[in-house]
Amino acid sequence: MKKSIIILFTLIAVKTDAQNALVNTATSPYAKLSGVGVGDVQWTKGFWAERFAICRDSMVPHLWRTYTSKDICYSFQNFRIAAGLDTGHFRGPSFHDGDFYKTLEAVAAMYATTKDRQLDKWMDDAIAVISKAQLPDGYIYTKSIIEKKSTGETKMFDDRLSFEAYDFGHLMTAACVHYRATGKTSFLDIAKKATDFLIGFYNTATPEQARNAICPSHYMGIIEMYRTTRDPRYLTLMKKLIDIRGTVEGTDDNSDREPFREMDKVVGHAVRANYLFAGVSDLYAETGDQSLMMTLNKMWDNVVNHKMYVTGGCGSLYDGVSVDGTSYKPDSVQKIHQAYGRDYQLPNLTAHNETCANIGNVLWNWRMLQLTGDAKYADVVELALYNSVLSGVSMDGNKFFYTNPLAASTEFPYHLRWEGGRSPYISKSNCCPPNTVRTIAEVSNYIYSISKDGIYINMYGSNRLSTHLNDGGEIRLEQQTNYPWDGNIIIQIQQAPSKEIPIYLRIPGWCKKANIKINGKVISQVTKGGKYYIVQSIWKTGDKIELQLDMPVTLLESNPLVEETKNQVTVKRGPIVYCLESVDLKPGQKVFDISIPANTQWQTVPAKIDNGSIMALEGTARIVQHYDWKNSLYREVNTKLAPVSIKMIPYYAWANRGETDMTVWLPLIRQ
């Protein structure tokens, strides 16, 4: 009898951990890996512990104040009006509901780690209002509900530019995270009604209504609802939504001009495309449909090897025209915005790189990693997180970027839509701040994965892990490291099952040399990155794995077809991309007058920016005497270069010290 009880308890433990992952692929038949529970990782010190503390103490409170206010952002006030708890009209963009759901998800993710009762109360109070706003049939879109109160007209999914499905999607995802963090079903019940509504709606909708799904976060949301509830109707719904894409007239901007399986390259809005790819990755995990994976692989190659910035940023264009249209067929040319451009079209000063698109890149590559266990996807997740996602929020945690250019100039001759530096509230479109905050609150979920036989360590940072393996065995370990500022990582085993357990250590693609020790004994010297190295043993309490990643400063050049960066270099160390900011130069010196000798000797120097710890790089570059280009387009080359001491900072930390000039790419002096 005792043995039966133990077995039952073990099964419950396995189920509980598996279903608590941020992206729950534990029972997905075509996923190689699954995540650990949303509260299984605790940051201890170092880089991510500092960023998490800023998220807890600054980002989340600031975000909550903003989204529940009546005079800054009207998102939650719209729910109150829709619920009949207040009067007024709908205010804000149509995706405001989704922004509040992302805010709730950030709070839920923070609660999963901190168990702060105040966060729990915030969520309970807000969920009660959302429940009152939801119509009996499950429909929940405050813009339509409020407008119906004044006009009596019911409009659902009639506007191609409507964000109804997007809002539904973030509702579903946030509800699943809330359920996993709290164990409560209050929000999940709302999401079930909403998903059930979509089933009924899409059963009778016209093809035109069905394709009205810009920025399809609901693809990820529907699959996560399926994984959480195991309701097979949700999986059927998701299959249907992918199958109808491109069957009626669509647009390149929305990536539905043609059926998904016929896509050859990514075009159009970068957030919408990356969300699409993430959602399809989720669908593949449940179905194993190889026609989906074939397209995903093509899209990944097109993005990562032809259209992605060195920071992991996505979407080079503010505005443009479809790459599939030509001047000889003017009817085929379509307007695109906030979009991927042509292959190798990567401007710097005018780079769009919306923070949400960069987060979409993380969401997509995380799912591809879970499907395959291939380290190349972890490389992209890490690259984007450290550079083009973190750049979206200030060091103090309460000012944000919508776009993330790779260069900035106070003398730029024309205005950009999203210029002006960081802002506490981006009034035109504040979708990026809640997306950024939820992502930083959830970074701990990307550190580890569970395989059928062991554990993958995808990224490094000082933390404690306590989780269960697939067979129910408990494992506890601790990472000690100053990563990403150095490559020395210690992994201490605190508890493990009494059997051989493989631990998969990721050797990043940028790393050319790594040493691995177990209990002080060198077991391997790795000379190529971009893979997982397996260390396997019957681990005992106190066992120590040491991983030493060689982390020199490197200069990266781009494909020569990238016109804007020809004969220029980016300075990179480990996963961190660096930039030169004018505030770190002497008066009169300009960032665009600096060149980098190929043999520059760099020194790492700890520094602070707005009380945030960084590792700066100092070296001797070359500078040309500044020329006033105000009334000139060309001039004779000045070959007189003088030595100049420069300090470069991590790209994510720029624009925290006032209005400045900045560049990631600098001319190279080959020697």
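Our focus in this paragraph is the overall build of the protein chain. Helices and strands together make up the secondary structure of the protein chain, namely 16 helices and 25 strands. Here the C-alpha atoms of the protein chain give a radius of gyration of 25 Å, agreeing with the 26 Å that 2.2 N^0.38 yields for 671 residues. Viewed in the frame of its principal axes, the protein chain has a C-alpha envelope of about 75 × 65 × 45 Å. Within the span of the protein chain, comprising 671 residues, buried residues form 60% of the whole. In the protein chain, once contacts between residues fewer than 6 apart in sequence are set aside, the share between residues at least 24 apart is 71%.

Once that is clear, we can look at unusual backbone geometry. With omega at 10°, the peptide bond leading from Tyr 483 into Pro 484 counts as cis. Inspection of the secondary structure assignment puts Pro 484 in the loop between β10 (474-481) and β11 (488-495). For Gln 338, which is not glycine, the phi dihedral falls at a positive 45°. Looking at where Gln 338 falls in the secondary structure, it is placed in strand β5 (residues 335-340). Despite not being glycine, Asn 611 has its phi angle at roughly 70°, a positive value. Residue placement: Asn 611 occurs in the loop between β21 (603-609) and β22 (612-624).

Attention now moves to helix α4 (residues 96-114). Here α4 spans 27 Å end to end across 19 residues, near enough to the 27 Å set by a 1.5 Å rise per residue. Taken across its 19 residues, α4 has 18 buried, putting it largely inside the fold.

So, about the pairing of strand β14 (residues 521-526). Where strand β13 (residues 514-518) meets β14, five bridges bridge the pair, whose relative direction is antiparallel. By the bridge assignment for β14, Ile 516 is matched with Ser 524. Count of turn residues in the β13/β14 antiparallel hairpin: two residues, of which Asn 519 carries a positive phi of about 50°.

Turning our attention to the sheet that holds β5. One open sheet holds the three strands; their spatial order is β3-β5-β4, and the pairing between them is antiparallel. Whereas interior strands pair on both sides, the edge strands pair on one side only; in this sheet they are β3 (268-269) and β4 (317-321). Along the sheet, helix α12 (residues 270-287) makes contact with β3 and β5, crossing β5 at roughly 65°.

A word on the nonpolar core. Counting 224 residues, the largest nonpolar core has Phe 187, Phe 277, Leu 549 and Ile 646 as its most contacted members. Broken down by element, this core gets its largest block of residues, 11 residues, from α12. For Leu 549, the contacting residues outside a window of four places in its chain are Tyr 460, Tyr 483, Gly 487, Ile 489, Ile 507, Pro 508, Trp 510, Cys 511, Lys 513 and Ala 514.

What follows concerns the packing of aromatic side chains. Per the counting criterion, the structure on display carries 31 aromatic pairs. With centroids separated by 4.9 Å and ring planes inclined at 65°, the aromatic side chains of Trp 366 and Tyr 446 adopt a geometry described as edge-to-face. Of this pair, Trp 366 sits in helix α14 (residues 355-372) while Tyr 446 sits in the loop between α16 (432-441) and β7 (448-450), placing them 80 residues apart in sequence. Across the pair, exposure class does not vary: Trp 366 and Tyr 446 are buried alike. An aromatic cluster is defined as three or more aromatic residues linked by ring pairs; in this entry it consists of Trp 43, Phe 47, Trp 48, Tyr 386, Tyr 460, Tyr 483, Trp 485 and Tyr 652. Directly above the ring of Tyr 74 sits Arg 91, whose terminal nitrogen or CZ lies 3.7 Å from the centroid. Above the face of the Trp 300 ring, Lys 376 is positioned so that its terminal group lies 4.4 Å from the ring centre.

On to the pattern of salt bridges. Using the criterion set out here, one finds 33 salt bridges in the structure. As a salt-bridge pair, Asp 264 and Lys 298 come within 3.5 Å of each other at their nearest N and O atoms. Taken together, the positions of Asp 264 in the loop between α11 (232-244) and β3 and Lys 298 in helix α13 (residues 290-306) put the pair 34 residues apart, joining distant regions of the chain. Here Asp 264 falls in the exposed class, since its relative accessible area comes to 54%.

Within strand β25 (residues 665-669), four of the five residues are buried, leaving the element largely enclosed by the surrounding structure. Here strand β18 (residues 568-573) runs beside β25; their pairing, made up of three bridges, is antiparallel. If you follow Val 569 over to β25, its bridge partner there is Leu 666.

With that settled, consider the packing of helix α5 (residues 117-133) against helix α8 (residues 186-204). At a closest axis distance of 9 Å, the pairing of α5 and α8 adopts a crossing angle of 25°. As judged from the angle between their axes, α5 and α8 are roughly parallel. As α5 runs across α8, the sense of the crossing is left-handed. Of α8, the residues touching α5 (which contributes Ile 127, Ile 130 and Ser 131) are Ser 186, Phe 187 and Ile 190. Class assignment of the residues belonging to the contact of α5 with α8 gives a composition of four nonpolar, two polar and no charged.

For Glu 478, the location among the structural elements is in strand β10. Note: C-alpha distance between Glu 478 and Asp 158 (320 residues apart in sequence) is 52 Å. Contacts of Glu 478, omitting those with residues within four sequence positions, involve Asn 463, Arg 464, Ile 490, Ile 491, Gln 492 and Gln 494. A polar atom in the side chain of Glu 478 sits 3.2 Å from the side chain of Gln 494.

Okay, the environment of Val 23 next. Relative to the helices and strands, Val 23 is located in the loop between α1 (2-18) and β1 (34-35). Those residues in contact with Val 23 that sit more than four places away from it in its chain are Gly 35, Glu 224, Arg 227, Asp 282, Trp 366 and Arg 367.

Tracing the chain through its elements places Tyr 460 in the loop between β8 (455-457) and β9 (463-468). Taking the C-alpha atoms as reference points, Tyr 460 and Phe 47, 413 residues apart in sequence, are found 9.9 Å from one another. Once you skip the residues sitting within four places of it in the chain, Tyr 460 turns out to touch Trp 48, Tyr 386, Gln 479, Thr 481, Tyr 483, Ile 489, Leu 505, Arg 506, Leu 547 and Leu 549. At 2.7 Å, the side chain of Tyr 460 forms a polar contact with the backbone oxygen of Arg 506.

Caution applies to low-pLDDT regions: their predicted coordinates should not be interpreted in detail. Per-chain confidence: the protein chain averages 93 in pLDDT, with 96% of residues scoring 70 or above. In this model residues 1-16 is a low-confidence stretch, pLDDT under 50, and it forms seven contacts with partners more than four residues away in sequence or in other chains.

Rules used in this analysis
Residues numbered from 1 in each chain as written. Predicted model: local features only at pLDDT ≥ 70, side-chain atom pairs only at ≥ 80, totals over all residues. Heavy atoms only, no water. Helix = DSSP H or I, 4+ residues; strand = E, 2+ residues; numbered from the N terminus. Rg over C-alpha atoms; globule rule 2.2 N^0.38 Å. Buried < 20%, exposed > 50% of the residue type's maximum accessible area, 1.4 Å probe, protein only. Contact = heavy atoms within 4.5 Å. Expected span 1.5 Å × (residues − 1). Pairing = 2+ DSSP bridges. Axes fitted to C-alpha atoms, helices over the stretch in contact; angles between N-to-C directions. Core = buried A, V, L, I, M, F, W, Y, C linked by side-chain atoms within 4.5 Å. Phe/Tyr/Trp six-rings, centres within 6.5 Å; stacked < 30°, edge-to-face > 60°. Lys NZ or Arg CZ within 6 Å of the ring centre and 35° of its normal. Salt bridge = Lys/Arg side-chain N within 4 Å of Asp/Glu carboxyl O. Parallel < 35°, antiparallel > 145°, perpendicular 65-115°, else oblique. Left-handed = near helix turned anticlockwise from the far one by under 90°. Nonpolar A, V, L, I, M, F, W, Y, C, P; charged D, E, K, R; others polar. Polar contact = N/O pair within 3.5 Å; in protein donor to acceptor, adjacent residues only side chain to side chain. pLDDT = per-residue confidence, 0-100.

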